[in-house]
Amino acid sequence: MEPFPQHLLGIETLTRAQIDALLLLAAGYKRERREAREGNRDALDAHRRVLAGRTVVTLFFEASTRTRSSFEVAARSLGADVIALQKEGSSVSKGETLADTAKNLEAASADALVMRHPFSGAPHLVAREVRCPVINAGDGAHEHPTQALLDALSLREHLGDLTGKTIAIIGDLAHSRVARSNLHCLNKLGARVRVGGPATLIPMGIEKLGCTVHHTLAETIAGADAVMCLRIQQERIGDARLPSTRDYARRWGFTQAHLDSLAKHAVVMHPGPVNRGVEIVSEVLDGPRSLVMDQVDSGVAVRMAALALCLGRAGAKR
Ligand code: NCD
């Protein structure tokens, strides 16, 4: 099998075979997590040796609920020790450079760094400075590879092979790393991608990433097997409120009527955090065709697979 890369920095540089290998491993972990919840812990317990004696450091310079907690659960499920650092509690807040922080963590025996940073490319910079694997948990508006992989895992479980399936992505395509990683991932998996959102939030030339661009919600979701709603990344847009929340909800908010217009098998997704009543109404979010909680479950399994593959390739401490 084609080796998995040492660092997981983005989907753009992964091959289809590498994505398939990770999703296969993650699907197994997800099934075993389900069995463990039903009382059979044997398979899951056996994985505690995979990263026994290893230390995974999570280094988060931006807010996170799902991503950080699921990386930590994933690392612990494989037997690793976890050290969780945030900007406020680390010496970065005293002026230390990111590269120095990372090198010091490695010297203190980090076997992998899981990193979220507001600047695009920050994990790539760190990966050049350290020898241990670096996993990108979201860099600016660039990539969020494990999010796209967990979305793919949930999508495949519900729709089967994604070849020829139509996935609509709605919202802030300009600032969303989730959208960018998903465009790469869905295209590599053979899906057709339609995108739509306010004109100011659809970057020029996005078609080159493999999608068609649409200008109303109804048009964007036409024929979709799955609809992915995104949060407006206000923290990356700044003060220009484009558009107002109320205006966005009226034009681009996903409602029950939109869901009813889709095929019976079609599902709705959101990476979280959700602004209820803005990107999506609660009735749909909490309804039977929402994959939102399943996406969180997939997240732990995908992050287990990412850690196992990146650290597995790295072998014993080099
Ligand atoms: C996303 C992120 O941080 O990029 N959230 C996540 O990881 N689940 C999406 C967002 O913040 O809107």
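Residues numbered from 1 in each chain as written. Predicted model: local features only at pLDDT ≥ 70, side-chain atom pairs only at ≥ 80, totals over all residues. Heavy atoms only, no water.

Chemist: Please explain the sheet that holds strand 3 (residues 112-117) as it appears in this structure.
Modeler: Across a sheet, strands are paired by hydrogen bonds formed along the backbone, either parallel or antiparallel in direction. As summarised here, the arrangement of the four strands in space is 2-1-3-4, forming an open sheet in which the pairing is parallel. Both edges of this open sheet fall to strand 2 (81-86) and strand 4 (134-139), since each of them pairs with a single strand only. When the angles between neighbouring strand axes are averaged without regard to direction, this sheet yields 15 degrees. As paired strands, strand 1 (residues 55-60) and strand 2 are joined by six bridges and run parallel to one another. Residue Leu59 lies in a different strand from strand 2, and its bridge partner there is Leu85. (Pairing = 2+ DSSP bridges. Helix = DSSP H or I, 4+ residues; strand = E, 2+ residues; numbered from the N terminus. Axes fitted to C-alpha atoms, helices over the stretch in contact; angles between N-to-C directions.)

Chemist: Sorry, what's going on with the pattern of salt bridges here?
Modeler: Between side chains of opposite charge, pairing is possible as soon as their charged atoms come close. Tallying each qualifying case throughout the model produces 17 salt bridges. Between Asp297 and Arg33 there is a salt bridge, and its shortest N-O distance comes to 3.2 Å. Of the two residues, Asp297 is situated in helix 13 (residues 292-314) and Arg33 in helix 1 (residues 16-37); the sequence distance between them amounts to 264 residues. The burial state of Asp297 is the same as that of Arg33; both residues are buried. Ionic pairing is found between Glu72 and Arg68, a salt bridge with its closest N-O pair at 3.7 Å. (Salt bridge = Lys/Arg side-chain N within 4 Å of Asp/Glu carboxyl O. Buried < 20%, exposed > 50% of the residue type's maximum accessible area, 1.4 Å probe, protein only.)

Chemist: Teacher, can you tell me more about the site of the ligand here?
Modeler: Around the ligand, the structure places Arg66, Thr67, Arg116, His144, Gln147, Arg177, Val178, Arg231, Gln233, Pro271, Gly272 and Pro273. The backbone of Pro271 places a nitrogen or oxygen atom 2.9 Å from a nitrogen atom of the ligand. At 2.9 Å from a nitrogen atom of the ligand is found a main-chain nitrogen or oxygen belonging to Gly272. Coverage of the ligand by the protein chains reaches 94% of its 320 Å² of free accessible surface. Sorting the residues of the shell around the ligand by element identifies helix 3 (66-77) and helix 7 (177-188) as the ones contributing at least two each. Of the residues belonging to the shell around the ligand, the class tally is three nonpolar, five polar and four charged. (Near = heavy atom within 4 Å. Polar contact = N/O pair within 3.5 Å; in protein donor to acceptor, adjacent residues only side chain to side chain. Areas by Shrake-Rupley, 256 points an atom, 1.4 Å probe, with all protein chains shown as cover. Nonpolar A, V, L, I, M, F, W, Y, C, P; charged D, E, K, R; others polar.)

Chemist: What is the right way to read the sheet that holds strand 8 (residues 226-229) from this model?
Modeler: Spatial strand order, 7-6-5-8-9: five strands in an open sheet with parallel pairing. The sheet is open, and its two borders are formed by strand 7 (212-214) and strand 9 (267-269), each paired with just one other strand. Pairwise comparison of adjacent strand axes, ignoring direction, gives a mean angle of 25 degrees for this sheet. Note that strand 5 (residues 166-170) and strand 6 (residues 192-196) share five bridges and pair parallel.

Interpretation note: all reported values are geometric properties and have no functional meaning in isolation.
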